[in-house]
Amino acid sequence: MLIAVLRDRLAPDAPADEADNLVQARAVTRALEALGHRVLDLDCGLDLGRVAAALAAERPDAVFNLVEALDGRDTLAPAVPALLDSLGLPHTGSGALPLAAAADKLRAKRLLRRLGLPTPDWFERADLADPAAAPSGPFLLKPRLEHGSVGIEESDLLPAPDRIALDRALAAKEDALGQPCIAEAYLPGREFNVSVLDGPHGPEVLPPAEMLFTGYGPDKPRILGWRAKWDEASFEHGHTERTFDLPPADAPLAERLRALALACFQALDMVGYARVDFRLDRLGAPQAIDLNPNPCIAPDAGFPAAAARAGLSYQDTVARILAAALPARSPESPA
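Residues numbered from 1 in each chain as written. Predicted model: local features only at pLDDT ≥ 70, side-chain atom pairs only at ≥ 80, totals over all residues. Heavy atoms only, no water.

A. Layout of the sheet that holds strand S6 (residues 157–158). One open sheet accounts for four strands, arranged S4-S7-S5-S6; its pairing is antiparallel. Each of the sheet's edge strands pairs with one partner strand only, and the pair in question is strand S4 (122–123) and S6. Taken together, the five bridges between strand S5 (residues 139–143) and strand S7 (residues 181–185) define a ladder with antiparallel strand orientation. When the sheet's bridge partners are listed, Leu140 is paired in S7 with Glu184. Strand contacts of helix H7 (residues 163–177): S4, S5, S6 and S7, with the helix running at about 135° to S7, the strand carrying the most contacts. (Pairing = 2+ DSSP bridges. Helix = DSSP H or I, 4+ residues; strand = E, 2+ residues; numbered from the N terminus. Contact = heavy atoms within 4.5 Å. Axes fitted to C-alpha atoms, helices over the stretch in contact; angles between N-to-C directions.)

B. Spotlight on the packing of aromatic side chains. Scanning the entire structure with this criterion turns up four aromatic pairs. Taking the centre distance of 5.6 Å and the plane angle of 75° together, the rings of Tyr273 and Phe303 count as edge-to-face. With Tyr273 in strand S12 (residues 273–280) and Phe303 in helix H11 (residues 302–309), this pair connects stretches of sequence that are 30 residues apart. Each member of the pair, Tyr273 as well as Phe303, is classed as buried. (Phe/Tyr/Trp six-rings, centres within 6.5 Å; stacked < 30°, edge-to-face > 60°. Buried < 20%, exposed > 50% of the residue type's maximum accessible area, 1.4 Å probe, protein only.)

C. Structural view of the packing of helix H1 (residues 16–34) against helix H12 (residues 314–325). In the contact formed by H1 and H12, the axes pass within 9 Å of each other and the chain directions differ by 90°. What the angle tells us is that H1 and H12 run roughly perpendicular. Contacts between H1 and H12 pair Gln24, Ala27, Val28, Ala31, Leu32 and Ala34 from the former with Tyr314, Gln315, Val318 and Leu322 from the latter. Across the contact of H1 with H12, the residue classes tally to eight nonpolar, two polar and no charged. (Parallel < 35°, antiparallel > 145°, perpendicular 65-115°, else oblique. Nonpolar A, V, L, I, M, F, W, Y, C, P; charged D, E, K, R; others polar.)

D. Quick peek at the sheet that holds strand S2 (residues 38–44). Within the open sheet, the three strands sit side by side as S2-S1-S3. Their pairing is parallel. The open sheet has two free edges, formed respectively by S2 and strand S3 (62–65), since each of these has just one partner strand. Ignoring strand direction, the axes of neighbouring strands in this sheet form an average angle of 25°. Where strand S1 (residues 2–8) and S2 come together, seven bridges link them in parallel fashion. Paired with Leu6 across the bridge in S2 is Leu42. H1 contacts S1, S2 and S3 of the sheet and is inclined by roughly 170° relative to S1. Along the sheet face, helix H3 (residues 79–86) touches S1, S2 and S3 and points at about 175° away from the line of S3.

E. Spotlight on unusual backbone geometry. Looking along the chain, the bond that leaves Gly137 and enters Pro138 is cis, with omega of 0°. Looking at where Pro138 falls in the secondary structure, it is placed in the loop between helix H6 (125–128) and S5. Backbone geometry at Arg59 places phi at a positive 50°, although glycine is not the residue there. Within the secondary structure, Arg59 is located in the loop between helix H2 (48–58) and S3. For Asp269, which is not glycine, the phi dihedral falls at a positive 55°. Its place among the elements puts Asp269 in the loop between helix H10 (251–267) and S12.

F. Looking closely at the nonpolar core. If you look at the biggest cluster of nonpolar residues, it comprises 24 residues, and the most contacted ones within it are Cys264, Leu268, Val276, Phe278 and Leu291. Of all elements in the fold, only helix H4 (96–103), helix H5 (105–114), strand S8 (191–199), H10, S12 and strand S13 (286–293) reach the threshold of two or more residues within this core. Per element, the largest residue contribution to this core is six residues, and it comes from H10. Here Phe278 is in contact with Arg190, Glu191, Phe192, Val194, Leu257, Leu260, Ala261, Pro286, Gln287, Ala288 and Ile289, once residues within four sequence places are set aside. Counting 23 residues, the second-largest nonpolar core is a separate cluster that includes Ile3, Ala62, Phe244 and Leu312. (Core = buried A, V, L, I, M, F, W, Y, C linked by side-chain atoms within 4.5 Å.)

Structure representation (structure tokens):
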């Protein structure tokens, strides 16, 4: 089959969190070619008409959609699966509605709450206009419309702000980033990433991974911020690591994490693959802090690591993601 690999259009000086999109596109291309497919490499920016024309001219059998942002704006990414649907092209990953819901942290948290799924308490500035609002810290300030920990660092942790101090901090954060932000209750417990991969028998929850903060002193916040993910020269990057080796006593916790990840996947009608991030509260109960449909699948990312732990090679993982996007075929149908 001819598979179009659709990726971000990047500036030559794109920061590490954006340049990683090209790394995963190249890895996916190699895997698809190893699987016997022909690959069309196509970048995608704001000119969706150009993309539509290229796809119409080449007529691929499916599109492997790796677009995370248009012109650096995550909130525009849902336009891509919407375009592909309008063209009648099968594509990997979730569609426009799940992407739009997850792209806005506030909208995602409200949805989780409506469905009875656990997520930390939060405030937005509109909430703090009420003199009766009584926040009790700590709180972590987060941009509503970013992913990959963009705009999040340990300096965004406010230990015990009152209503006025929290409002001022949110206002300053919003001015600095040029977008709305939320103050999310900071949970002091362990952090986990749980990946979900569609398969022939429905979505499969992959082994949970714990993020370890090694060498962190008692006064250093355990926050997986931008530096920890993307700045290779930073202390945070060198002292955070992933492990799947949970002790036997964690078996009930692992089962709870798996159940919650699957519930989140189904709640947003996600397709293909996703990752849900959790923190444990003071009682040791997991709460969802981030929903990630179509997460990064660069070879060194968390999703391929979870798939490998489940016994799937990178090539196997790409094949599964692609298979979930293709129309079901009867046993007699030609490949």
